[in-house]
Amino acid sequence: MPTSSASTTDSARSATGGVQSLERAFDLLERMADAGGEVGLSELSASSGLPLPTIHRLMRTLVACGYVRQQPNRRYALGPRLIRLGESASRLLGTWARPHLARLVEETGETANMALLDGDEIVYVAQVPSKHSMRMFTEVGRRVLPHSTGVGKALLADFPADEVRALLGRTGMPAATDKTITTPDGFIAALEDVRRQGYAIDDNEQEIGVRCLAVSVPDSPTAAAISISGPAGRVTEAATDRIVPLLQQVAAELSHALLTSNGANGSNGSNGTNGNPAA
């Protein structure tokens, strides 16, 4: 008797109860992103362990849907339809984060931010501003280079040194202030401090007169960090001892919310309009 279509490979269930072809397709997309967005079939086969015919079939489907495109050199690149998904996901991520950022503002008095690593850049996806008249502000969606920011250091702290050096080689290390770290060796040393201390500092490196404290969000589905930023006269060494444990606690709670989607019902924070860029 012929096998029904429901039992074909495309509809096969994986051991985790998911549809195997979907799991494989998303795995290939993530491997493409890890490789810089463009790969060949043989590279995907080597990294995934899947046979070439299976990969070719999945990629053909992804190309037809617009999530992957084939280059003139026959290699495959991430497609434009993923941009819409990514932008929507970033907005939702910011919505989930805002209640946690609001708690940071309430307990520290300073502006709270959330940022992601997008390619070689830092992108801010959420912010809740301080209630002080002198406060830090950065637009959601703003992109900065990681070497001069607290969130950049927090996000890159666990990356292998050779990957960090390669990133810095692509972006350069322009000085935003005379305090900005402008050498790869100096930045690698700063990342060692982050790992040792458990938090990152931007001390007048992005904006003179501004200090920022940042931590990564553990086990986040995508690399994320949260921070508070404020005038150096308020974000002092003494304040650091009080703020960092709170940052770490909120980061852990945000991680749990992201992993369980319990943060989806959070309320929105208000938007500030004055002050200097957040770090």
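Not measured: the values here are computed from a predicted model. Along each chain, numbering runs from 1 in the same order as the chain's sequence is written. A pLDDT threshold of at least 70 governs which residues receive local features in this predicted model, and a stricter bar of 80 or more applies before side-chain atom pairs are shown or counted, although totals over entire chains, interfaces and linings include all residues. Values shown for side chains rest on all heavy atoms present in the structure; no hydrogens or waters enter the calculation.

Asks: Before we go on, may I ask you to explain unusual backbone geometry in this structure?
Replies: For residues that are not glycine, phi is negative in most cases, and the peptide bond is trans in most cases. Here the phi dihedral of Arg-74 falls at roughly 80°; this positive angle occurs in a residue that is not glycine. Helix and strand labels come from DSSP, where a helix needs a run of H or I of at least four residues and a strand needs a run of E of at least two; each type is numbered from the N terminus. Looking at the secondary structure, you find Arg-74 in the loop between β2 (68-70) and β3 (76-78). Exposure categories follow from relative accessible area, calculated using a 1.4 Å probe and restricted to protein chains: below 20% of the type maximum is buried, above 50% is exposed, and the middle band is partly exposed. Residue classification places Arg-74 among the exposed positions, given a relative accessible area of 59%.

Asks: What is the right way to read the sheet that holds strand β4 (residues 111-118) from this model?
Replies: Backbone hydrogen bonds hold the strands of a sheet together, and the pairing may be parallel or antiparallel. Only strands that DSSP links by at least two bridges are regarded as paired with each other. Reading across the sheet, the 6 strands line up as β6-β5-β4-β9-β8-β7 and stay open at both edges, with antiparallel pairing between neighbours. Two strands close off the open sheet at either side, each with one partner strand: β6 (143-144) and β7 (200-203). Strand direction decides the pairing type here: β7 and strand β8 (residues 210-216), joined by 4 bridges, are antiparallel. Residue pairing across strands places Ile-201 opposite Leu-213, the latter belonging to β8. Only heavy atoms enter the contact rule, under which two residues are in contact if any of them lie within 4.5 Å. Here an axis means a line fitted to C-alpha atoms, over the contact stretch when the element is a helix, while the angle between two N-to-C directions is reported on a 0 to 180 degree scale. Sitting on the sheet, helix α8 (residues 237-260) touches β4, β8 and β9 (224-231), and the angle it makes with β8 is about 40°.

Asks: Before we go on, may I ask you to explain the sheet that holds β2 in this structure?
Replies: Reading across the sheet, the 3 strands line up as β1-β3-β2 and stay open at both edges, with antiparallel pairing between neighbours. Strand pairing shows two members of the sheet lacking a second neighbour, β1 (38-39) and β2, which therefore form its edges. Here 2 bridges tie β1 to β3, and the two strands are oriented antiparallel to one another. Note on β3: the bridge partner recorded for Val-39 is Tyr-76.

Asks: Explanation requested: the pairing of strand β5 (residues 121-128) in the structure shown.
Replies: For a regular strand, side-chain orientation follows a simple rule: the groups alternate between the two sheet faces. Most of β5 sits inside the fold, with 7 of its 8 residues counted as buried. Both β4 and β5 contribute to a ladder of 7 bridges, which runs antiparallel. Bridge pairing links Met-114 to Ala-126 in β5. Where β4 folds back on β5, the antiparallel hairpin that results is connected by 2 residues, among which Gly-119 adopts a positive phi of roughly 65°. With 2 bridges connecting them, β5 and β6 associate as antiparallel partners.

Asks: Even after reading the chapter, I still don't get the pattern of salt bridges, so can you show me in this structure?
Replies: In the sections that follow, a salt bridge refers to a side-chain nitrogen of Lys or Arg positioned within 4 Å of a carboxyl oxygen of Asp or Glu. Enumeration according to the criterion identifies 15 salt bridges in this entry. One salt bridge connects Arg-211 with Glu-237, and the closest N-O pair in it is separated by 3.4 Å. Within this pair, whereas Arg-211 is found in strand β8, its partner Glu-237 is found in helix α8, the two being separated by 26 residues in sequence. You can call Arg-211 buried: its relative accessible area is 5%. Salt bridges sharing common partners tie together Glu-38, Glu-43 and Arg-75.

Asks: Teacher, can you tell me more about α8 here?
Replies: Residue pairs spaced three or four apart in an α-helix point in one direction, given the helix's 3.6 residues per turn. Between its first and last C-alpha atoms α8 spans 35 Å; for 24 residues at 1.5 Å apiece the expected length is 34 Å, and the two agree. Its axis deflected by about 30° at Ile-243, α8 carries its strongest bend there, up to four residues before the proline Pro-245. Residues of α8 that are buried: Ala-239, Thr-240, Ile-243, Val-244, Leu-246, Leu-247, Val-250, Ala-251, Leu-254, Ser-255, Ala-257 and Leu-258. Expected span of a helix, by definition, is 1.5 Å for each gap between consecutive residues, and there is one gap fewer than residues. To get the bend at any residue, fit one axis to the seven residues that end at it and another to the seven that begin at it, then take the angle between the two axes.

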